[in-house]
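Observations on the model geometry
One letter stands for each residue in the lines below.
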Amino acid sequence: MLSKNVKGWCACAAAATLLLPGAVAMAADAGASPLTVGGAIRFNYVYKSWQDEYRNGFFGLDTARLDVNYDDGTNLGSAQYRYNNFPKGQGGYWQHFLHHGWIGRRFADKSELHIGVDKNLFGLQPYASNNFYESIAFYAGFEDKYDLGVTYLSKPGPVEWQLGFYPRDGGSYGGGSNTAPSANRYSYNIVADDDAQGFGTGQRDTERNTLIGRVAFKVGDQGQHEVGVSALTGEIRNEARANGAVNTRRNAFAVHFKGKSGPVNVMLQAMRYDYHTSHEATQTYGGLDANSFVMIGGFGYPYPVASKGDIYIANASYDIGGKVGPFSGFKVYNDYSMLHKRVGGYKDSAQNVTGLSFSAGKWAFSADFMLGKHHPYISPDFGGLGATSAEHPGYSRRINLQAGYYF
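Residues numbered from 1 in each chain as written. Predicted model: local features only at pLDDT ≥ 70, side-chain atom pairs only at ≥ 80, totals over all residues. Heavy atoms only, no water.

**Side note on the overall build of the protein**
A tally of regular secondary structure across the protein gives 3 helices and 20 strands. In terms of principal-axis extent, the alpha carbons of the protein reach across some 65 × 50 × 45 Å. A separation of at least 24 residues holds for 61% of the contacts in the protein among residues at least 6 apart in sequence. A total of about 17100 Å² of accessible surface is found on the protein, and carbon and sulfur atoms cover 60% of it. Across the protein, 37 positive and 35 negative side-chain charges occur, with their mean positions spaced 1 Å apart. (Helix = DSSP H or I, 4+ residues; strand = E, 2+ residues; numbered from the N terminus. Contact = heavy atoms within 4.5 Å. Areas by Shrake-Rupley, 256 points an atom, 1.4 Å probe, with all protein chains shown as cover. Lys, Arg positive; Asp, Glu negative; His and termini not counted. Charge placed at Lys NZ, Arg CZ, Asp CG, Glu CD.)

If you want it as structure tokens, here you go:
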């Protein structure tokens, strides 16, 4: 859990979006106000091929969220808070958490500085995926992740770079009794394991002092293609060793490409990560090497991830023009990602998502057909990003249909 000081700081950062200079303009001229308040509510239908008790799938709430954004051209701020209440087929639990909350400044050259719980700009941006469930990089803690610190974004142009330093992760918040307190968060971070809702390893690791750098080169007549490299380094603090807390390091490096040719879009990424852990032999489960995995947690639950691995991503999408009644913005896509584990003789994990997304006014819809192997959300093998179970050697199927109203 976050300390009282850090959690209070996060709350102040979120609230500060309401207090930045010029917010009073909303009363004078609502149409020109730099302050906007919105949100979303989303519902899902889910079918899992391995759930015999839900042969017809299940339907329920996915997320309700509140968004606050401020931009007067110079002063910036953004915050979002989320509430989840999943049906029994998806765990039957509820939780709430700060997704992000930061304040910032835009300089004369259009570069920006942000302070607060902000996005890690590592790899493909804004996402390494087209589908709702993102890529394997998300579940390993390298996509769509938010931590507490300082982020600098260079001025827009043919060469753009970003640099971030994050002394702490984004923190854990609240949830039901059937969730792990350390994992009630949006971002997948290294977290303390949980005896009741986790794997009982006794690992009590946390992320500290993470430094991330990213450079992207725009190419093509209109800069429609992007080639980039990203690097990450940071500390892993193990607070449960018998001889006292020990700090080790984690490192990651990625090369990535995003290109567009007419209606066709392509995303490619290759990355390598290493978690240099310092676990005692007793901080394990099932007789595994205690340093062959780390515990990663988010959305209420922690699970093991191989401590060394390579992640490959290959996505393609096609934009379909025109309208069908009130519906438009059609996109078909196929997103593939896999995790090759370089430790313990662990078997690889993979996911493939074929889908369609479209919208109608403030409504957004998506339909995803998912195949997964040794994957915490597309397989019964919940520990599959680490060691795999011999009981689940093949691919499992998941269908996700979503409707969301954004206001």
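Past the structure itself, the notes keep going.
**A few points about the side chain of Ser182**
Tracing the backbone through its elements, the reader meets Ser182 in the loop between strand E8 (174-175) and strand E9 (189-190). Residue class for Ser182 comes out buried when judged on its relative accessible area of 14%. Polar side-chain contacts of Ser182 include one of 2.8 Å to the backbone oxygen of Ala192. The contact partners of Ser182, leaving out residues within four places of it in the chain, are Ser172, Val191 and Ala192. (Buried < 20%, exposed > 50% of the residue type's maximum accessible area, 1.4 Å probe, protein only. Polar contact = N/O pair within 3.5 Å; in protein donor to acceptor, adjacent residues only side chain to side chain.)

**Quick word on the sheet that holds strand E15 (residues 301-306)**
The 3 strands lie next to each other as E9-E14-E15, forming an open sheet whose pairing is antiparallel. Each end of this open sheet is capped by a strand with a single partner; those strands are E9 and E15. Where strand E14 (residues 293-298) meets E15, 6 bridges bridge the pair, whose relative direction is antiparallel. Within E15, the residue paired with Val294 across the bridge is Val305. (Pairing = 2+ DSSP bridges.)

**Notes on a nonpolar patch on the surface**
Together, Val159, Phe217, Val219 and Val227 make up an exposed nonpolar region whose accessible area comes to about 300 Å². Following the sequence through the fold, Val227 ends up in strand E11 (residues 225-238). (Patch = residues over 30% accessible without salt bridge, like charges linked within 9 Å, V, L, I, M, F, W, Y side chains within 5 Å. Salt bridge = Lys/Arg side-chain N within 4 Å of Asp/Glu carboxyl O.)

**Some details on the nonpolar core**
In this structure, Phe142, Tyr273 and Ile311 are the most contacted members of the largest nonpolar core, which totals 51 residues. Beyond its immediate stretch of four places on either side in the chain, Phe142 contacts Phe122, Ala137, Leu232, Ala252, Met271, Tyr273, Tyr275 and Ile311. (Core = buried A, V, L, I, M, F, W, Y, C linked by side-chain atoms within 4.5 Å.)

**Here's the deal with the packing of aromatic side chains**
On inspection of all chains with the given rule, the structure shows 32 aromatic pairs. Connected via pairs of aromatic rings, a cluster forms that spans Phe97, Phe138, Tyr139, Tyr146, Tyr186, Tyr188, Phe299, Tyr303, Tyr377 and Phe382. Between the NZ or CZ atom of Lys119 and the centre of the ring of Tyr127, over which it lies, the distance is 4.4 Å. (Phe/Tyr/Trp six-rings, centres within 6.5 Å; stacked < 30°, edge-to-face > 60°. Lys NZ or Arg CZ within 6 Å of the ring centre and 35° of its normal.)

**A closer look at the pairing of strand E1 (residues 35-48)**
Where E1 lies against strand E2 (residues 58-71), 12 bridges are found, and the strand directions are antiparallel. Across the sheet, Leu35 pairs through a bridge with Tyr70, a residue of E2. As judged from the 9 bridges shared by E1 and strand E20 (residues 396-406), these two strands associate in the antiparallel manner. In the sheet register, Tyr45 faces E20, and the bridge partner there is Leu401.

**Digging into the pairing of strand E7 (residues 159-169)**
Of the pairings in the sheet, the one linking strand E6 (residues 146-153) to E7 comprises 6 bridges and is antiparallel in character. Its bridge partner lying in E7, Leu153 is registered against Gln162. In sequence, E6 turns back onto E7 through a hairpin of 5 residues. Sheet analysis places E7 next to strand E10 (residues 205-219), joined by 8 bridges and oriented antiparallel. When the sheet's bridge partners are listed, Tyr166 is paired in E10 with Thr210.

**Digging into unusual backbone geometry**
Peptide bonds are mostly trans, and most non-glycine residues show a negative phi. Gln125 connects to Pro126 through a cis peptide bond whose omega is 0 degrees. Checked against the element boundaries, Pro126 lands in the loop between strand E5 (112-119) and helix H3 (136-139). Although it is not a glycine, Glu134 sits at a positive phi angle of roughly 60 degrees. Here Glu134 lies in the loop between E5 and H3. A relative accessible area of 7% places Glu134 in the buried class. In the Ramachandran plot, Asp144 falls in the positive-phi region, its phi being about 50 degrees despite a non-glycine side chain. The class for Asp144 is buried, based on a relative accessible area of 4%.

**Remarks on the pattern of salt bridges**
Counted according to the given criterion, the structure contains 16 salt bridges. Its salt-bridge partner being Asp169, residue Arg185 comes within 3.1 Å of it at the nearest N-O pair. With Arg185 in the loop between E8 and E9 and Asp169 in strand E7, this residue pair connects regions lying 16 residues apart in the sequence. Side by side, Arg185 and Asp169 carry an identical accessibility label, which is buried. Across the pair Arg342 and Asp274 runs a salt bridge whose closest N-O atoms are separated by 2.8 Å. One end of the pair, Arg342, is in the loop between strand E17 (328-341) and strand E18 (349-360); the other, Asp274, is in strand E13 (residues 264-275), with 68 residues separating them in the sequence. Residues joined by salt bridges that share partners form a network here, namely Arg272, Asp274, Asp310 and Arg342.

Scope: geometric values only; no functional claims are made or implied.
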